[in-house]
Amino acid sequence: MKCPYCGSDNTRVIDSRPADDNTSIRRRRCCDDCDRRFTTYEKVETIPIMVIKKDGTRERYDRKKIEDGILRACHKRPVSAEQIRQLVDEVETAVYNRESSEVPTSFIGEMVMNKLRDLEAVAYVRFASVYREFKDVNTFVDELKSVLDNK
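Just so we're clear, the structure is a prediction, and the values are computed from it rather than from any experiment.

> Even after reading the chapter, I still don't get the pairing of strand 2 (residues 24–31), so can you show me in this structure?
Side-chain direction in a regular strand flips from residue to residue, so the side chains alternate between the two faces of the sheet. Judged from the seven bridges that link them, strand 1 (residues 11–18) and strand 2 form a sheet pairing that is antiparallel. Within strand 2, the residue paired with T11 across the bridge is C31. In this structure, strand 2 lies alongside strand 3 (residues 37–43), joined through seven bridges in antiparallel fashion. If you follow R27 over to strand 3, its bridge partner there is T40.

Below is the structure:
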């Protein structure tokens, strides 16, 4: 690592710890030539994931979209912020573990629904009604029956 002050390659790490976001490493470094200290951050390089939408268009994967959908489904339900964060983390891990640069929205949506079904029934039905685009009350009732049958 080059020193940002003198340009020397003669630097060393004096402290290393996880950064606040827990997705990178914060390293405190010291230049052996000019004795100045500086901080660097190391982050794992990931390939950008593209999401294939229902209409065939592609857009960059956005964790926030999953989080927003789950938050709307869990609104005024007994689900903690930590449970939501953990659910989003599990979905995101599965997306990155596919080792593919493209993932269909159906994979993400079904995974979210399966996890919500286990977490909170009303949140699951809310999410499913939007995701599956229920067209009428009968479709909604059928989904409710399947939830009640699995309890």
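After that view, the rundown keeps rolling.
> Even after reading the chapter, I still don't get the sheet that holds strand 4 (residues 50–52), so can you show me in this structure?
Spatially, the three strands line up as an open sheet ordered 5-4-6, and their pairing is mixed. If you trace the sheet from one side to the other, it starts and ends with strand 5 (58–60) and strand 6 (102–104), each paired once. Each neighbouring strand pair of the sheet contributes to a mean axis angle of 35°, computed without reference to strand direction. Across three bridges, the pairing between strand 4 and strand 5 is antiparallel. Counterpart to M50 in the pairing with strand 5 is R60. Seen against the sheet, helix 3 (residues 105–119) touches strand 4 and strand 6 and runs at an angle of roughly 55° to strand 6.

> Mind showing me how you'd approach the pattern of salt bridges here?
Note that side chains of opposite charge can pair when their charged atoms are close. Tallying each qualifying case throughout the model produces 14 salt bridges. Among the salt bridges present, the one from R85 reaches E82, with a minimum N-O distance of 2.4 Å. Note that R85 and E82 are positioned in helix 2 (residues 81–97) at a spacing of three residues, about one turn of the helix. Note on E82: relative accessible area 42%, which makes it partly exposed. A salt bridge links R85 to D89; the nearest nitrogen and oxygen atoms lie 2.2 Å apart. Remark: D89 and R85 occur in helix 2; sequence separation between them is four residues, near one turn of the helix. Each of R63, E82, R85, D89 and E92 takes part in a single network of salt bridges with overlapping partners.

> How do you make sense of unusual backbone geometry when you look at a structure like this?
Glycine aside, residues mostly have negative phi angles, and peptide bonds mostly take the trans form. Within the chain, D35 stands out as a residue other than glycine whose phi angle is a positive 60°. Structurally, D35 can be placed in the loop between strand 2 and strand 3. One non-glycine residue, K76, lies in the positive phi region at around 60°. The topology assignment puts K76 in the loop between helix 1 (63–73) and helix 2. Residue classification places K76 among the exposed residues on the basis of a relative accessible area of 74%.

> Can you walk me through helix 3 in this structure?
Residue pairs spaced three or four apart in an α-helix point in one direction, given the helix's 3.6 residues per turn. Across its 15 residues, helix 3 extends 21 Å between first and last C-alpha, which sits within 8% of the 21 Å expected from 1.5 Å per residue. Taken together, the buried positions of helix 3 are occupied by I108, G109, M111, V112, M113 and L116. Buried residues along helix 3 sit in contact with strand 4, helix 1, helix 2, strand 6 and helix 4 (121–131).

Reading the values: the criteria
Residues numbered from 1 in each chain as written. Predicted model: local features only at pLDDT ≥ 70, side-chain atom pairs only at ≥ 80, totals over all residues. Heavy atoms only, no water. Pairing = 2+ DSSP bridges. Helix = DSSP H or I, 4+ residues; strand = E, 2+ residues; numbered from the N terminus. Axes fitted to C-alpha atoms, helices over the stretch in contact; angles between N-to-C directions. Contact = heavy atoms within 4.5 Å. Salt bridge = Lys/Arg side-chain N within 4 Å of Asp/Glu carboxyl O. Buried < 20%, exposed > 50% of the residue type's maximum accessible area, 1.4 Å probe, protein only. Expected span 1.5 Å × (residues − 1).

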